[in-house]
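Descriptive structure summary
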Amino acid sequence: MASSSTLTSTHLPILRTILDEWHQKQPVPKSFPVPLAELQSPPSKDKLKDVIVAFRTRPPLANETADKFHADLYAKDAVVDEAGKIFSLQFCAGITVASTEPGVFFAHIPGMKWSGPTLTHKPYEADLAFGPGVDNEEVYQRTVVVNDMLSLALSGGVGCILAYGQTGSGKTFTMESVEHRVARDLFDQARVMGKRLLLAQGADHPKADTGDIFEFSVTFLELLGKHASDLLELTEKVDENGNPVRTEIPVREDKVGNVRPNLVASIVSSSEELEVLINKALSHRRTSATLRNATSSRSHAMLTITVKNTLLPYADEGQLILVDLAGSERHEDSKDHNKQRMDEARDNNKSLMNLKECVRAKAKMAAEDGFVHIPWRSNKLTMLLKPIFDIESRQPSRAVIIAHVSPHIQDTVHSTNTLSYAAPFKTAPPKPRGPAPYDAKDPRTWDHDKTVEWLTAQFTARAMKSRQAAWNVMEKQAKLGGKRIEPLAAPKPGELDLGVDISKICPAGSTAKNLGVLYTPQFVQRCLEARNSPALTLDELNHTAVDIIGNLFYLILTAKTRKRNEIMKSRKKLTTEVYGDAPRMIKDYDEEEFLEAQIYYGLDWSKLVVGAQQKCKEEGKDWEGDMYPRTLDDLMDKFRAHKASLAAQKASDAEE
Ligand SMILES: Nc1ncnc2c1ncn2[C@@H]1O[C@H](COP(=O)(O)OP(=O)(O)OP(=O)(O)O)[C@@H](O)[C@H]1O
C-alpha cells in the first residue's frame, strides 16, 4: 500500500483513469429508500437500534489537493498562477458511496507495482452513508430525528451522538450543526411533549397552554489527554505560552456510582439561550485550540444537556450528550511532536480504543439481547459516557456514531483506519427467535394475561395500602373519642377501587415486553388516560405509575443480571473444567492479583465492601449471590484499569 507520503501528484492522472474504469463497472449507487421530505416520525421503538453507525465524507475544499501535495510543480494537471504558484490540482477521490442506506463506502487504496500505480477497492458497511452532496440538515434528520434522540432525552433516557474521524475530515462541521439544530428543535419538542402530558393530567393545569414542564441545564467539558476542564469556566489566567488556564476537573465515580464532574451547569429556557451558550463554549474551545497552536482535534469536547421533568420529579433525568471526539493520529503523524503532544496523542488514541471496545460491546449486547462485559471504567472518556454504557442503568440509551473521512485519495490510509474502527458497530437487528419460555421472574417472557395480572396486583397493593392508611386514621380518631372500630376486613370482590382501568394500560395483545420499552412519562401518561375514578388523586397516580414502571424495569434488569451471573458462572465452570481447579477466588481472579488489588486499595478496600453491603441491605438485594461478586468485579475492574494505565505509561517512557 502506498502511503500518502509515497503517493505523488504525478500519479493522480493514472489513478483517476483506473478509478473511472472501476466506476463504469459498478452498479448505480443506491440512494436513500425514503426521500428526506417523506421521512416519517421515528419508527416503532422496538425497531430502533441501540447503536447506529453512519459514515460521512465531505466535498474537497478549494486548493486542498494542491496543498496536500505541497504544490507539485511537475504534476501533469497542475495549474500555475502568474506568480508561478500552484493553485489547482485536479482532485482524485479516495472514497465512493456505493449505497446510502444501508451505508456502503468503498475506500480506494493506492498501491505501487513495477508496472505503475494500482488501486484496491475495499468496501465498509454502516447503517447510513452520507456522501459529499448531503447537507447538514439531512444528516441531522436521518441520524438525530429519525432515531428519536430528542424524545429519548425528554423522556428520561440518554442519547449520545459522537463524531469520530481524522483531523480535517469534518467532525466539527457536523457536530456544530447538530448542536445548533438540537438547540433549534429541543424546546419546541419539549413543549409538544409537555402539553401532551399536561393534557393527560387534566386541562385546568396552570401550564397547560405552554407545556412548560421541563428544566434544561447545560455543561460543556473538554478532555485534553487525561485532563478534563470546564469550557464554560471564565478564566483570565494564562500560562507562559498564552494558553488559558482552567481548573482541572476530577473525573471519578462518586459513592453511589455516578460520574458527575463538577462543572458549571447553566440553566437555559429557550433555543436562543442555548444557542448563546453553545457559541460561547465553542468560541472558548476554538480560542484555546488556537492558542495552543493546534487544532481542536487534539481534545474531546462534550456538550451535555440534562433534562428534568418537573411534572415527574422522581423520574430519572434525561441527557443528550454530544461529543466531538479528538482526531485519531497515526504514529507517523505524531513522530515530530514534543513530549506533551505525544502524551496527548497516546492518551487520545487509548481513549478512542477504549471507546471502540465499549461501543462494540454495547452494540453486540443489544443485537444478541444477552450479556457482554462493557469496560467503561477503563478511562475518563468512557467513564464520562457511563450512562450509555452501564448495563445496570435503568435508563434507556441510544448512541449514534458518525465516522468522518476525507474525500482525498492521499488520505485513504487514514480513512481505512476510521472506517474499520466504526464499521464493526453496525450490527444486524436481533433475530426473531420466537417466544422465550415463560419465566415468572422475567417480565420479558410474560403474555398479556400474566401482565394484566401483575399490573392488577401492583395497583391492588397500592389501593390496599391507602385503604389501610384510611382505616388507621379512623381508628386513631375513634381511640381519641374512647371508641373502638371493627378491624379492617379483607375487601369483598369488586369492592376495591383501583382508580384505573387496567385494560387501557395494557390493551389486548400488549405484554410486559411492550410496556418495558415505554419511556417513564409515556407510561405515566397511559395511566393518567386510564384513570376512571377519584380513588387516586392525580399526584398519587403520578407517583404510583412511576413506582410501577420502576418495578417493571427493576424486574427486567434483575432478569438480565441473573443471566449475566449465569454466564459468568458457566464461564468459570468452563475454565475449571479445562484448567482444573485453579486457586481462584470469586470469578476469574487469582489470589495473587486479588492480594495486589487489596494492597492498592489499602484501608479503602474494606470500607468500599462494607459500604456496598450496607447499601445492598437497604435496597433488599441479594448480597452473597449477586451484589458481592459484582462489588468485587467493580473493584477489580478499577484496579486493572489502574494497572493498565501504569503499564502504558511505562511503555511510553521506555519508548522515549
Ligand atoms: N460536509 C461539508 N461540506 C463542506 N465543507 C465541509 C464539510 N465538512 C467539513 N467541511 C469543511 O472542512 C474543513 C475541516 O472541517 P472540520 O474543521 O469540521 O474538521 P474536523 O474533523 O473537525 O477537524 P479538526 O479535528 O482539526 O477539528 C472546514 O473548513 C469545514 O468547513
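Predicted model, so just to flag it, every value in this text is computed and none were measured.

1. Looking at the overall build of the chain
A tally of regular secondary structure across the chain gives 18 helices and 14 strands. For the chain, restricting intrachain contacts to residue pairs at least 6 apart in sequence, the fraction spanning at least 24 positions comes to 73%. Summing over all exposed atoms, the chain offers an accessible surface of approximately 33,200 Å²; the carbon and sulfur share of this is 55%.

2. Here's the deal with unusual backbone geometry
In this model, E101 is joined to P102 through a cis peptide bond whose omega is 0°. Mapped onto the fold, P102 is located in the loop between β4 (95–99) and β5 (103–113). A positive phi angle is found at D148, which is not glycine, with a value near 60°. Within the secondary structure layout, D148 lies in the loop between α3 (136–145) and α4 (149–154). By relative accessible area, which is 11% here, D148 ends up buried.

3. So, the packing of α3 against helix α5 (residues 171–201)
It is at 10 Å that the axes of α3 and α5 come closest, and there the two elements cross at 70°. The orientation of α3 relative to α5 falls into the category roughly perpendicular. Of the two elements, α3 crosses α5, and the hand of that crossing is right-handed. In this structure, α3 contributes N136, E137, V139, Y140, Q141 and V144 to the contact, and α5 contributes F173, T174, S177, V178, R181, V182, R184 and D185.

4. A look at the nonpolar core
As a rule of thumb, nonpolar side chains are buried together in soluble globular proteins. Counting residues in hydrophobic clusters, the biggest one holds 50 residues, and the most contacted among them are F55, L355, L385 and F389. Of all the elements, helix α7 (residues 339–368) adds the most residues to this core, at 7 residues. Inspection of this core shows a minimum of three residues originating in each of domain 1 (1–45 + 54–131) and domain 2 (133–406). Grouped together as the second largest cluster of nonpolar side chains are 47 residues, F32, A183, F187 and A281 included.

5. Points about the confidence of the model for the chain
Caution is warranted with low-pLDDT regions, since their predicted coordinates should not be read in detail. The pLDDT averaged across the chain works out to 80; a share of 81% of its residues lies at or above 70. Per-element mean pLDDT across the chain ranges from 63 in strand β3 (residues 86–88) up to 96 in strand β7 (residues 128–130). Note that pLDDT drops below 50 for residues 1–5; the model gives that stretch 11 contacts with residues more than four away or on any other chain. Within the model, pLDDT remains below 50 along residues 574–586, and this stretch shows 12 contacts once partners closer than five positions in the same chain are excluded.

6. Some remarks on the UniProt feature "binding site: ATP" (unreviewed entry) in the chain
Taken from the UniProt record, the annotation "binding site: ATP" (unreviewed entry) applies to G165, Q166, T167, G168, S169, G170, K171 and T172. Checked against the element boundaries, G165 lands in strand β8 (residues 158–165). Tracing the sequence through the fold places T167 in the loop between β8 and α5.

7. Side note on the sheet that holds β5
The 3 strands are arranged β4-β5-β6 in an open sheet whose pairing can be described as antiparallel. The open sheet has two edge strands, β4 and β6 (116–126), and neither has a second partner. Averaged over all neighbouring strand pairs, the angle between strand axes comes to 30°, with direction disregarded. Pairing of β4 with β5, which is carried by 4 bridges, proceeds in the antiparallel orientation. Counterpart to V97 in the pairing with β5 is F105. Where helix α1 (residues 12–25) meets the sheet, it contacts β4, β5 and β6, and its direction lies at approximately 45° from that of β6.

8. Some remarks on the side chain of S229
Mapped onto the secondary structure, S229 falls in strand β10 (residues 227–230). Sequence-distant contacts of S229, that is, excluding residues within four places in its chain, are made with F220, L221, E222, R246, T247 and I249.

9. Topic: the side chain of R142
Inspection of the secondary structure puts R142 in helix α3. Within the structure, the side chain of R142 is placed 2.9 Å from the backbone oxygen of V34, a separation counted as a polar contact. Excluding anything up to four places from it in sequence, R142 contacts F32, V34, P35, L36, L39, E101, L128, F130 and N147.

10. As for the packing of aromatic side chains
In the structure shown here, the tally under the stated rule is 8 aromatic pairs. Seen from their ring centres, F32 and F130 are 5.9 Å apart, and the 40° between their planes marks the pair as tilted. In this pair, F32 is assigned in the loop between α1 and β1 (51–57) and F130 in strand β7, connecting sequence segments 98 residues apart. Considered together, F32 and F130 belong to a single accessibility category, that of buried residues. Look at W446 and W454: their rings are 5.7 Å apart centre to centre, the planes differ by 50°, and that puts the pair in the tilted class. A single burial state applies to W446 and to W454, both of which are buried. In this structure, K450 packs its charged tip against the face of W446, placed 5.1 Å from the ring centre.

11. What about the pattern of salt bridges?
Charged atoms that come close allow side chains of opposite charge to pair. The tally for this structure, following the rule as stated, stands at 11 salt bridges. Here D634 and R377 are joined by a salt bridge, their closest N and O atoms 3.1 Å apart. Residue D634 is found in helix α18 (residues 623–655), and its partner R377 is found in the loop between α7 and α8 (380–384); the two are separated by 257 residues along the sequence. Judged by relative accessible area, D634 falls into the partly exposed class, the value being 29%. Classification of R377 as buried rests on a relative accessible area of 13%. A cluster of three or more residues bridged by salt bridges with shared partners is formed by E137, R181, R184 and D185.

12. What to know about the pairing of β5
Buried residues dominate β5, accounting for 9 of its 11 residues. Alignment of β5 against β6, held across 11 bridges, turns out to be antiparallel. Residue pairing for β6: F105 is matched across the bridge by Y124. Taken together, β5 and the strand that follows it, β6, pair antiparallel across an intervening segment of 2 residues.

Parameters at a glance
- Residues numbered from 1 in each chain as written.
- Predicted model: local features only at pLDDT ≥ 70, side-chain atom pairs only at ≥ 80, totals over all residues.
- Heavy atoms only, no water.
- Helix = DSSP H or I, 4+ residues; strand = E, 2+ residues; numbered from the N terminus.
- Contact = heavy atoms within 4.5 Å.
- Areas by Shrake-Rupley, 256 points an atom, 1.4 Å probe, with all protein chains shown as cover.
- Buried < 20%, exposed > 50% of the residue type's maximum accessible area, 1.4 Å probe, protein only.
- Axes fitted to C-alpha atoms, helices over the stretch in contact; angles between N-to-C directions.
- Parallel < 35°, antiparallel > 145°, perpendicular 65-115°, else oblique.
- Left-handed = near helix turned anticlockwise from the far one by under 90°.
- Core = buried A, V, L, I, M, F, W, Y, C linked by side-chain atoms within 4.5 Å.
- Domains from an automatic or database assignment.
- pLDDT = per-residue confidence, 0-100.
- UniProt positions renumbered as here; feature names shortened; annotations may be inferred.
- Pairing = 2+ DSSP bridges.
- Polar contact = N/O pair within 3.5 Å; in protein donor to acceptor, adjacent residues only side chain to side chain.
- Phe/Tyr/Trp six-rings, centres within 6.5 Å; stacked < 30°, edge-to-face > 60°.
- Lys NZ or Arg CZ within 6 Å of the ring centre and 35° of its normal.
- Salt bridge = Lys/Arg side-chain N within 4 Å of Asp/Glu carboxyl O.

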